[in-house]
Amino acid sequence: MKAKNLPDPGAGIPGVDYPAIDQSKCTKCGICLKVCAPVMYEMHDGQVALVRPDWCFHCGHCGAACPAGAIREAFSEPVPAGAPEIVSPAFSDALQLVFRSRRSVRKYKKKPVSREDLEKILEAGRYTATGTNAQTLRYMVITDPEKIDELRRIAFPAVLKMFAFVGRLTKIPFASRLMGEGLRDRMKNRYVEGMKLMEEQIRRGEDKLFHNAPAIILVFAEKFDETQAFSAAAALYNCSLMAHTMGIGCCFNGFLWMAINFDKKLRKWFDLPQHLKCYGAMTLGYQEVKYHRLVKRNPAKVEWR
Ligand SMILES: Cc1cc2nc3c(=O)[nH]c(=O)nc-3n(C[C@H](O)[C@H](O)[C@H](O)COP(=O)(O)O)c2cc1C
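Residues numbered from 1 in each chain as written. Predicted model: local features only at pLDDT ≥ 70, side-chain atom pairs only at ≥ 80, totals over all residues.

### What about the overall build of the chain?
Secondary structure assignment for the chain yields 10 helices and 8 strands. Over its C-alpha atoms the chain spans a radius of gyration of 24 Å, topping by over 25% the 19 Å that the globule rule assigns to 305 residues. Overall size of the chain, expressed as C-alpha extent along the three principal axes, is 75 × 45 × 45 Å. Burial status across the chain gives 25% buried among its 305 residues. A fraction of 73% describes how many contacts in the chain between residues 6 or more apart in sequence connect residues 24 or more apart. (Helix = DSSP H or I, 4+ residues; strand = E, 2+ residues; numbered from the N terminus. Rg over C-alpha atoms; globule rule 2.2 N^0.38 Å. Buried ≥ 20, exposed ≤ 12 C-beta atoms within 10 Å, placed from the backbone. Contact = placed C-beta atoms within 7 Å.)

### Things to note about the sheet that holds strand β7 (residues 249-252)
An order of β5-β6-β8-β7 is seen for the 4 strands of this open sheet, with the pairing classed as antiparallel. Whereas interior strands pair on both sides, the edge strands pair on one side only; in this sheet they are β5 (138-142) and β7. Neighbouring strand axes in the sheet, compared pairwise and without regard to direction, differ in orientation by 25° on average. Bridge count for strand β6 (residues 215-222) against strand β8 (residues 276-285) is 8 bridges, and the pairing is antiparallel. Its bridge partner lying in β8, alanine 215 is registered against leucine 284. (Pairing = 2+ DSSP bridges. Axes fitted to C-alpha atoms, helices over the stretch in contact; angles between N-to-C directions.)

### Re the domain arrangement of the chain
Segmenting the chain into domains produces domain 1 (3-72) and domain 2 (104-285). Distance from the C-alpha centre of domain 1 to the C-alpha centre of domain 2: 41 Å. (Domains from an automatic or database assignment.)

### Examining unusual backbone geometry
Residue valine 39 is not a glycine yet carries a positive backbone phi of 55°. In this structure, valine 39 sits in the loop between α1 (31-35) and β2 (41-44). With phi around 55°, asparagine 212 is a residue other than glycine that occupies positive phi space.

### Section: the pairing of strand β3 (residues 47-50)
Sheet topology places β2 next to β3; 4 bridges connect them, and they run antiparallel. Residue histidine 44 lies in a different strand from β3, and its bridge partner there is glutamine 47. Here β2 folds back onto β3, and the loop between the two strands holds 2 residues, one of which, aspartate 45, carries a positive phi near 50°.

### A look at the site of the ligand
Every residue close to the ligand is listed here: Arg103, Ser104, Arg106, Cys251, Phe252, Asn253, Gly254 and Phe255. Breaking the shell around the ligand down by element, the ones donating at least two residues are β7 and α9 (254-262). In the shell around the ligand, the residues fall into 3 nonpolar, 3 polar and 2 charged. (Near = placed C-beta within 6 Å. Nonpolar A, V, L, I, M, F, W, Y, C, P; charged D, E, K, R; others polar.)

### Remarks on the nonpolar core
By size, the foremost hydrophobic cluster in this structure holds 43 residues, and its most contacted members are Ala155, Val219 and Leu284. Elements represented by at least two residues in this core include exactly α4 (115-126), α5 (145-171), β6, α8 (227-245), β7, α9 and β8. Not counting residues within four places of it along the chain, the set of residues in contact with alanine 155 comprises Leu209, Leu256, Ala259 and Leu266. Grouped together as the second largest cluster of nonpolar side chains are 13 residues, Ile21, Cys32, Cys36 and Val48 included. (Core = buried A, V, L, I, M, F, W, Y, C linked by C-beta atoms within 7 Å.)

### A closer look at the packing of α5 against α9
In the contact formed by α5 and α9, the axes pass within 9 Å of each other and the chain directions differ by 80°. Between α5 and α9, the interaxial angle falls into the category roughly perpendicular. Here Ala155, Ala158, Val159 and Met162 of α5 come into contact with α9, specifically with Phe255, Leu256, Met258, Ala259 and Phe262. Each residue belonging to the contact of α5 with α9 can be placed in one class, and the counts come to 9 nonpolar, no polar and no charged. (Parallel < 35°, antiparallel > 145°, perpendicular 65-115°, else oblique.)

### With respect to helix α7 (residues 181-203)
Helix length check: α7 (23 residues) gives 32 Å between terminal C-alpha atoms against 33 Å at 1.5 Å per residue, within 8%. Along α7, the sharpest change in direction is near 30° and occurs at methionine 187. Following α7 by one or two positions, glycine 205 adopts a phi angle in the positive range, close to 95°. (Expected span 1.5 Å × (residues − 1). Bend = angle between axes of the 7 residues up to and from the residue.)

### Focus on α5
Between its terminal C-alpha atoms α5 stretches 39 Å, which fits the 39 Å expected from 27 residues at 1.5 Å a residue. Considering only its buried residues, α5 is in contact with β5, α7, β6, α9 and α10 (264-269).

### Some details on the packing of α4 against α8
Running from N to C, α4 and α8 cross one another at 140°; their axes reach a closest spacing of 7 Å. One way to sum up the angle between α4 and α8 is to call them oblique. In the packing of α4 onto α8, the handedness of the crossing is right-handed. For the pair α4 and α8, contact is made by Lys120, Ile121, Leu122, Ala124 and Gly125 and by Ala235, Leu236, Asn238, Cys239, Leu241, Met242 and Ala243, respectively. Residues of the contact of α4 with α8, tallied by class, amount to 9 nonpolar, 2 polar and 1 charged. (Left-handed = near helix turned anticlockwise from the far one by under 90°.)

In structure tokens, the structure reads:
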């Protein structure tokens, strides 16, 4: 097959959704073949040919890696001028400190988080990897205090119901085999017992669910795509790290997202279609308590082979 006989894949500009090769600039280095995960490119008669343009999943790798600028596509862009050197010990040490100093924040100031800051935080999610570059995550941001109150009122009974169910699960004869002893004990002691205390605290008017946060971010995606669980968690985690570097504290909220998937009333409140699932939620706000020290964690349980 000759490259010139292949269908013209288009100009690689907005409106055309797959790349094009400028043969006059192409040095035939083959880097595009190496980086293209969907195997769109092949070398034919010494020329790079785009043989499977329809398989393009718009990752932008070919255009970003081509040293000659011979690939025109709409999915990559130049590195901003003056960007810091990322591959450097100073940068990786600073990044490690970002990871180590991030804390789950459960005490927020009354001050709202601006729309501009929330958008910057969501940008960190947008640039996170997604399985097959699907980019199908959907975010919801709730900042209206009345809506947060309403959600709290519906969510808490759902959380209680969910943990009552979990409590019953821990009592079934083969529970430890099913979920492992560790999880069964954690569920029984920490979650089910802890829930009783939480119920008391909530009745006293303490917001143990959302910690009086001025904002909540939720992430939804398709239920039957297992990769979305990771994509959503990674995206939300990156959002939390971005927020941390902006002086905004976050706390992941497993209670909320698990309850959304468990309870019909909550699903209805979110108007969640059948094919979607909530994969993550976190509260955000300016933290009231400053952490002066780093915290320790167990050594990683790693098996080296
Ligand atoms: C998947 C996940 C779910 C969580 N759900 C909740 C939650 O519902 N409520 C809460 O107060 N904290 C929640 N947390 C925060 C954890 O309790 C916290 O990450 C852990 O205690 C370690 O503290 P650190 O985040 O400050 O390092 C969650 C964390 C993760 C990773």
